[in-house]
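Fold and geometry: a report
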Amino acid sequence: MRRMIPLLLAFCLLLTACGAAATAPQEPPEHLTTVAQLPQLQPETSIPGRMPELPVSQEPEQAEPEAPEEAPEESAEEPVSAPQRVVDPTRPMVALTYDDGPHAVYTDQILDILEENGAVATFFEVAQNLSKAPEAVRRAADLGCEIGSHSYRHANLGKMDEAAQQADQAAADALFQQVLGTVPTLLRPPYGSMNKALKTTCGRSIVTWSIDPEDWLCRDADTVVKRIQAEKSLDGQVILLHSIYDSTVEATRTLVPWLLEQGYQLVTVSELIENRFADQVEPNRVYNYDYFRTQLPPLPKETEPAAA
């Protein structure tokens, strides 16, 4: 009997445990997560200074590089260049020349008039003045105008000895070289003054003039124009003007289109000598009033310009 009591107690405990297990829920609540549901991450080796790589499934998508926008095509048109100027040796021609510049304002205004009319001129510049308008001098050269020297400081070269003349020219050449990258081959001595030393040793072609309307004296545009227009013929002539007066600019504004209307070609001094006189521009040679007035060959009758 004593042996049966422990067995009965054990049986009762067993029944009680089975009943409790039967009333327990079979699944965990929705807000709980079991260990089995967690993703199984593989351990990674860490490299100092480098971010660990993400699992392939979690790598962010790489955005494809956008193709660069195509630049608009530039126009294939080439810049329009100025028409090539041709000198006709069978037609009358005249050379306008301007001394004493360059001027910071008036030189460019004269160049504007020449460019508008497809004309050129020769500028005899005082080297000491080049710093006042170096761009204007370069512009003149680019337009086909001729640049000559009018000495270094507008001194009277005819009263100097050879050494002083050479020193003046060397100083002038240095400044022309700085501005233009070259030195002039033409020389117009101030006041037209020269001596034997200058004529034979300067190494330049000495050019004076054949018509002087004295624009430097009257300072009046109308007077300058009338004096030039009063000439019987301007063919083969070299007109002396100065680029340092407003009145000369205004005279140029009238003269250039008028000369073209009269049938004259506006050329440089060198072009005049080579094409109208059929001659050479040579160093240590003088081209002066007598040369331009007496050496001019006649033109065919049909090409002679009408009287002014």
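First, a word on what this report is: a plain description of the structure on this page. (Residues numbered from 1 in each chain as written. Predicted model: local features only at pLDDT ≥ 70, side-chain atom pairs only at ≥ 80, totals over all residues. Heavy atoms only, no water.)

A short note on helix 7 (residues 221-229)
For the α-helix, the turn length of 3.6 residues means that residues three or four positions removed from each other point alike. Among all positions of helix 7, only Ala-221, Val-224, Val-225 and Ile-228 are buried. Take helix 7 and look down its axis: the buried residues cluster within an arc of 95°, on one side only. Facing away from the buried surface of helix 7 by more than 90 degrees, the exposed residues are Asp-222 and Lys-226. Of the surrounding secondary structure, the elements contacted by the buried residues of helix 7 are helix 6 (215-218), strand 6 (238-242) and helix 8 (246-261). Capping the start of helix 7 is the job of one residue whose side-chain oxygen sits 3.4 Å from the backbone nitrogen of Asp-222: Asp-220. (Buried < 20%, exposed > 50% of the residue type's maximum accessible area, 1.4 Å probe, protein only. Helix = DSSP H or I, 4+ residues; strand = E, 2+ residues; numbered from the N terminus. Arc of directions from axis to C-beta. Contact = heavy atoms within 4.5 Å. Polar contact = N/O pair within 3.5 Å; in protein donor to acceptor, adjacent residues only side chain to side chain.)

Some thoughts on the environment of Arg-139
Examined against the element boundaries, Arg-139 turns out to sit in helix 3 (residues 134-142). Along the sequence, Arg-139 and Asp-108 sit 31 residues apart, while their C-alpha atoms lie 8.4 Å from each other. Excluding its chain neighbours within four sequence positions, the residues that come into contact with Arg-139 are Asp-108, Leu-111, Asp-112 and Glu-115. Within the structure, the side chain of Arg-139 is placed 2.6 Å from the side chain of Asp-112, a separation counted as a polar contact. Among the polar contacts listed, one links the side chain of Arg-139 to the side chain of Glu-115, at a separation of 2.8 Å.

Some remarks on the pairing of strand 2 (residues 122-125)
Walk down a regular strand and you will see the side chains alternate between the two sheet faces. Of the two faces of strand 2, the one holding Thr-122 and Phe-124 and the one holding Phe-123 and Glu-125 are both buried throughout. As paired strands, strand 1 (residues 93-99) and strand 2 are joined by three bridges and run parallel to one another. Within strand 2, the position partnered with Tyr-98 by the bridge is Phe-123. A crossover links strand 1 with its parallel partner strand 2, the connecting element being helix 2 (residues 106-116), and its sense is right-handed. (Pairing = 2+ DSSP bridges. Right-handed = clockwise from strand over helix to strand, strands pointing away.)

Considering the nonpolar core
Nonpolar side chains tend to gather and get buried jointly when the protein is soluble and globular. Among the nonpolar cores identified, the biggest contains 37 residues, and Leu-96, Leu-114, Phe-123, Leu-234, Ile-239 and Leu-259 are the most heavily contacted of them. Only strand 1, helix 2, helix 3, helix 4 (162-180), helix 7, strand 6 and helix 8 provide two or more residues apiece to this core. Not counting chain neighbours up to four residues away, the residues in contact with Phe-123 comprise Tyr-98, Ile-110, Leu-111, Leu-114, Ala-140, Cys-145, Glu-146, Ile-147 and Gly-148. In terms of nonpolar packing, the next biggest core, distinct from the first, is built from 15 residues, Met-93, Val-238, Val-267 and Tyr-287 among them. (Core = buried A, V, L, I, M, F, W, Y, C linked by side-chain atoms within 4.5 Å.)

What to know about the packing of aromatic side chains
The final tally for this structure, using the stated rule, is five aromatic pairs. Relative to Tyr-291, the ring of Tyr-287 has its centre 5.1 Å away and its plane inclined at 85°; by these criteria the two rings are edge-to-face. Given a relative accessible area of 8%, Tyr-291 falls into the buried group. An aromatic cluster of three or more residues is present, and its members are Phe-277, Tyr-287, Tyr-291 and Phe-292. (Phe/Tyr/Trp six-rings, centres within 6.5 Å; stacked < 30°, edge-to-face > 60°.)

Side note on the pattern of salt bridges
Tallied over the entire structure, the rule returns 13 salt bridges. The partner of Asp-235 in a salt bridge is Arg-276, with the nearest N and O atoms 2.8 Å apart. One end of the pair, Asp-235, is in the loop between helix 7 and strand 6; the other, Arg-276, is in helix 9 (residues 269-276), with 41 residues separating them in the sequence. Both residues of the pair, Asp-235 and Arg-276, count as buried. Residues joined in a network through salt bridges with shared partners are Asp-108, Asp-112, Glu-115 and Arg-139. (Salt bridge = Lys/Arg side-chain N within 4 Å of Asp/Glu carboxyl O.)

Structural notes on unusual backbone geometry
Cis rather than trans, the peptide bond between Gly-101 and Pro-102 has omega equal to 0°. By the element assignment, Pro-102 lies in the loop between strand 1 and helix 2. With a phi close to 55°, Glu-214 is a non-glycine residue in the positive phi region. Positive phi values are uncommon outside glycine, yet Ala-278 reaches one of about 50°. Looking at where Ala-278 falls in the secondary structure, it is placed in the loop between helix 9 and strand 8 (285-287). Residue classification places Ala-278 among the exposed residues on the basis of a relative accessible area of 64%.

Some points on the environment of Trp-216
If you trace the backbone, Trp-216 turns up in helix 6. Distance in space between the C-alpha atoms of Trp-216 and Tyr-245 is 7.7 Å, their sequence separation being 29 residues. Here Trp-216 is in contact with His-242 and Tyr-245, once residues within four sequence places are set aside.

Considerations on the packing of helix 2 against helix 8
The axes of two packed helices give the description: the angle between them and the distance between them. Where helix 2 contacts helix 8, the two axes come as close as 10 Å, and the packing angle between them is 5°. When the axes of helix 2 and helix 8 are compared, the pair comes out roughly parallel. Judged by residue contacts, Tyr-106, Gln-109, Ile-110, Ile-113 and Leu-114 of helix 2 engage Asp-246, Val-249, Thr-252, Arg-253 and Val-256 from helix 8. When grouped by side-chain class, the residues that make up the contact of helix 2 with helix 8 number six nonpolar, two polar and two charged. (Axes fitted to C-alpha atoms, helices over the stretch in contact; angles between N-to-C directions. Parallel < 35°, antiparallel > 145°, perpendicular 65-115°, else oblique. Nonpolar A, V, L, I, M, F, W, Y, C, P; charged D, E, K, R; others polar.)

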